[in-house]
Amino acid sequence: MAVEAFMDRARELAERGRYTAAPNPLVGVVIARDGKVISEGWHARAGQEHAEAAALSSNGTDARGASMYVTLEPCNHHGRTPPCTDTIVRSGISHVVVGHLDPDPRMRGRSVKILRDAGVEVTVLDDPAFERQNEQFFHYMNTGLPFVHLKLAATLDGRIAASGGDSKWITGEAARRRAHALRAEAGAVLVGAGTTRADDPSLTARDVPDQPPPVTRIVLDPSLTLDPEGQLARNAGEAQVLVFADKTALDGRQKRLEALGVEVIATPHGANGLDLRYVLKDIGSRGVRGLLVEGGGDTVGRFLRDGLVDKMTIFYAPTVLGADGVPMIGALGLSSVQDAPRFSMSGVEQLGDDLAVTFYPREEASDVYGSG
Ligand SMILES: NC(=O)c1ccc[n+]([C@@H]2O[C@H](COP(=O)([O-])OP(=O)(O)OC[C@H]3O[C@@H](n4cnc5c(N)ncnc54)[C@H](OP(=O)(O)O)[C@@H]3O)[C@@H](O)[C@H]2O)c1
C-alpha cells in the first residue's frame with residue numbers, strides 16, 4: 001500500500017470520533033510494516049486514549065521498526081493522557097508520516113522536532129485535506145473564536161416557518177437526524193429569542209450514535225424573554241444554557257432563570273444589536289470550539305451582516321410556504337447585488353426527499369464578507 005492509501009485509511013478512522021471527540025480534534029492512525037497494516041486507532045472521546053496510543057496498545061502491537069501514519073501532529077504534553085511523542089519513541093516506531101501540523105500553540109511543529117531529536121524519521125505532508133477534516137479545531141486554535149456553522153431547514157422559496165411561526169416540520173426525518181448530528185459535532189447550538197418564543201425548543205442532540213457529550217445551548221435574548229417554564233430553563237441542569245441579554249434587561253428577572261441553572265450574560269451593544277463578536281469571544285473563552293447557529297432568519301441575517309459565518313448548510317425541502325412565510329435570512333441592508341456575500345458550494349447530498357447543500361464563504365468576497 002502507498003502512503004496515500006495509509007493516510008486515506010487514517011482519515012477514515014479519524015471520522016469515527018466526529019460526534020464525540022470535541023473539544024479535541026479528530027485523529028486517526030495506521031501502523032504498517034512492509035506495506036501491510038499491523039494496527040489502527042482513532043481518538044474517540046476527550047479524556048480517553050489518543051489515536052496513537054490506541055493503535056500502539058491494540059492487541060499488544062510490536063511496532064519496532066514500523067511506520068506510523070497519523071492525520072495530525074502527535075501531542076507532546078501531559079493532559080488527561082501522557083504525551084504521544086513519548087509513547088511513539090518508546091514503541092520503537094522508526095518513521096512517522098504526519099498529515100498536518102497541529103495548530104495548538106503547544107505543538108506547531110514542536111512535536112516533530114522532539115521526535116526527530118529522538119531519532120525518529122518524520123515526514124510532514126501539510127495536506128489541506130487534514131485541516132479541512134478538523135476545520136472547527138483549526139479555526140478555534142487560530143482565532144480563539146468558535147467556528148460558526150449556519151444551519152437552516154428551508155422551503156424551495158426560502159421560508160423557514162409558516163406565517164404563524166409553525167416550522168414543524170419542513171424537512172423529513174433523515175434531514176432532521178443529520179441536523180442533530182451537526183449539533184453534536186459543533187458542541188454548541190445558538191438560536192434567537194424569536195425561535196425560543198415560537199418553538200420552545202430543547203436544542204439537545206438526539207438520536208446521534210455513540211452518545212456524544214451534551215451540547216451547550218445558547219440564546220440571543222436582548223429583552224430576557226426566555227420562559228422559566230420552557231424546556232431550556234427547565235432542563236438547564238442537564239446541559240449548559242447561556243442567555244446573552246442586554247444589560248438593561250437584567251433588572252432582577254434573571255434571578256429566576258439563574259436559580260434554574262441558566263447563565264445570563266450582560267452583553268454590550270454593537271451597531272447591529274447585541275455585539276456578536278463579544279458573544280463569540282465569550283463563548284470561545286469557555287472552550288467552545290464549534291457553534292451551530294440554527295436561526296431563525298433574523299439571527300442568521302445578523303451573523304451574515306457582521307461577516308461572522310464560516311460555513312453554511314441549508315436543508316432544502318420540496319415544498320413552498322409563500323411570501324407570508326418567515327424568510328430564511330433577515331435584512332442585510334444591501335442595495336446592490338455586487339455587495340452580496342458570495343459562497344462556494346462544497347457538497348450536495350440527498351437525504352430522503354430533501355437536499356443538504358453545504359457552502360463556504362468565498363475568499364475573494366472577504367472585503368464584504370469577512371472570515372470572522
Ligand atoms: N426552519 C428552520 O430551520 C428554523 C430554524 C429556527 C427557527 N425557525 C423558525 O423561525 C421563526 C423565528 O425566526 P425569526 O427570524 O423570527 O427570529 P429569531 O432569529 O429566532 O430571533 C430573532 C430575535 O432574536 C433576538 N436577537 C438575535 N440576535 C440578536 C442580536 N444580535 N441583537 C439583538 N437581538 C438579537 C431579537 O430578540 P427580540 O425580538 O427579543 O429583540 C430578535 O428579534 C420561528 O417561527 C421558528 O419556528 C425555523
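Residues numbered from 1 in each chain as written. Predicted model: local features only at pLDDT ≥ 70, side-chain atom pairs only at ≥ 80, totals over all residues. Heavy atoms only, no water.

**Comments concerning the overall build of the chain**
(1) Moving on: For the chain, the helix and strand inventory stands at 12 helices and 18 strands.
(2) Moving on: The buried share of the chain, reckoned over its 372 residues, is 51%.
(3) Moving on: For the chain, the share of sequence-separated contacts (at least 6 apart) that also reach a separation of at least 24 residues comes to 71%.
(4) Moving on: Working note: accessible area of the chain is about 16900 Å², and carbon and sulfur atoms make up 48% of it.
(5) Moving on: One way to put it: in the chain the 40 positive side-chain charges average out to a point 3 Å from where the 49 negative ones average out. (Helix = DSSP H or I, 4+ residues; strand = E, 2+ residues; numbered from the N terminus. Buried < 20%, exposed > 50% of the residue type's maximum accessible area, 1.4 Å probe, protein only. Contact = heavy atoms within 4.5 Å. Areas by Shrake-Rupley, 256 points an atom, 1.4 Å probe, with all protein chains shown as cover. Lys, Arg positive; Asp, Glu negative; His and termini not counted. Charge placed at Lys NZ, Arg CZ, Asp CG, Glu CD.)

**Section: the site of the ligand**
(1) Moving on: In the neighbourhood of the ligand, 27 residues make up the surrounding shell, with Ala153, Thr195, Arg197, Leu274 and Thr299 lying closest.
(2) Moving on: Interatomic distance of 2.5 Å between a side-chain N/O atom of threonine 195 and an oxygen atom of the ligand.
(3) Moving on: Between aspartate 199 and the ligand, the recorded distance is 2.8 Å, taken from a side-chain N or O atom to an oxygen atom.
(4) Moving on: Here the shell around the ligand is composed, by residue class, of 11 nonpolar, 11 polar and 5 charged. (Near = heavy atom within 4 Å. Polar contact = N/O pair within 3.5 Å; in protein donor to acceptor, adjacent residues only side chain to side chain. Nonpolar A, V, L, I, M, F, W, Y, C, P; charged D, E, K, R; others polar.)

**Topic: the domain arrangement of the chain**
(1) Moving on: According to the domain assignment, the chain contains domain 1 (3–134) and domain 2 (144–365).
(2) Moving on: A separation of 34 Å is found between the C-alpha centroids of domain 1 and domain 2.
(3) Moving on: Listed per partner, the contact involves 9 residues of domain 1 and 11 residues of domain 2.
(4) Moving on: At the boundary of domain 1 and domain 2, one finds 1 salt bridge.
(5) Moving on: Run the count over domain 1 and domain 2 and you get 4 residue pairs in polar contact (both at pLDDT 80 or more).
(6) Moving on: Looking at side-chain class alone, the side of domain 1 that touches domain 2 contains 3 nonpolar, 2 polar and 4 charged residues. (Domains from an automatic or database assignment. Salt bridge = Lys/Arg side-chain N within 4 Å of Asp/Glu carboxyl O.)

**Focus on the nonpolar core**
In a soluble, globular protein the nonpolar side chains are often hidden away together inside.
(1) Moving on: Within the largest apolar cluster, 31 residues are counted, with the highest numbers of intra-cluster contacts made by Leu150, Ile218, Leu220, Phe244, Leu291, Val293 and Phe303.
(2) Moving on: In this structure, Ile88, Val120, Phe137 and Met141 belong to the second largest nonpolar core, which totals 23 residues. (Core = buried A, V, L, I, M, F, W, Y, C linked by side-chain atoms within 4.5 Å.)

**Considering the sheet that holds strand S4 (residues 95–100)**
(1) Moving on: As summarised here, the arrangement of the 5 strands in space is S2-S1-S3-S4-S5, forming an open sheet in which the pairing is mixed. The open sheet has two free edges, formed respectively by strand S2 (36–42) and strand S5 (121–124), since each of these has just one partner strand. Direction aside, the axes of adjacent strands within the sheet are offset by 20° on average. (Pairing = 2+ DSSP bridges. Axes fitted to C-alpha atoms, helices over the stretch in contact; angles between N-to-C directions.)

**A look at the packing of aromatic side chains**
(1) Moving on: Applying the stated criterion across every chain yields a total of 3 aromatic pairs.
(2) Moving on: Measuring from centroid to centroid gives 6.4 Å for phenylalanine 137 and phenylalanine 138, while their planes differ by 80°, and the two rings are edge-to-face. Neither phenylalanine 137 nor phenylalanine 138 differs from the other in exposure class; each is buried.
(3) Moving on: Sitting above the plane of the phenylalanine 130 ring, arginine 11 keeps its charged end 5.4 Å from the centroid.
(4) Moving on: Directly above the ring of tryptophan 42 sits arginine 16, whose terminal nitrogen or CZ lies 4.5 Å from the centroid. (Phe/Tyr/Trp six-rings, centres within 6.5 Å; stacked < 30°, edge-to-face > 60°. Lys NZ or Arg CZ within 6 Å of the ring centre and 35° of its normal.)

**Concerning the environment of valine 112**
(1) Moving on: With respect to the element layout, valine 112 can be found in helix H4 (residues 110–117).
(2) Moving on: Residue classification places valine 112 among the buried residues on the basis of a relative accessible area of 5%.
(3) Moving on: When the C-alpha atoms of valine 112 and valine 122 are compared, they prove to be 6.7 Å apart, with 10 residues separating the residues in sequence.
(4) Moving on: Beyond its immediate sequence surroundings of up to four residues, valine 112 is in contact with Glu73, Leu101, Val122 and Val124.

**Some remarks on a nonpolar patch on the surface**
(1) Moving on: A cluster of nonpolar side chains, Met345, Val348 and Leu355, forms an exposed patch at the surface whose accessible area comes to about 280 Å².
(2) Moving on: Given the relative accessible area of 53%, methionine 345 is considered exposed. (Patch = residues over 30% accessible without salt bridge, like charges linked within 9 Å, V, L, I, M, F, W, Y side chains within 5 Å.)

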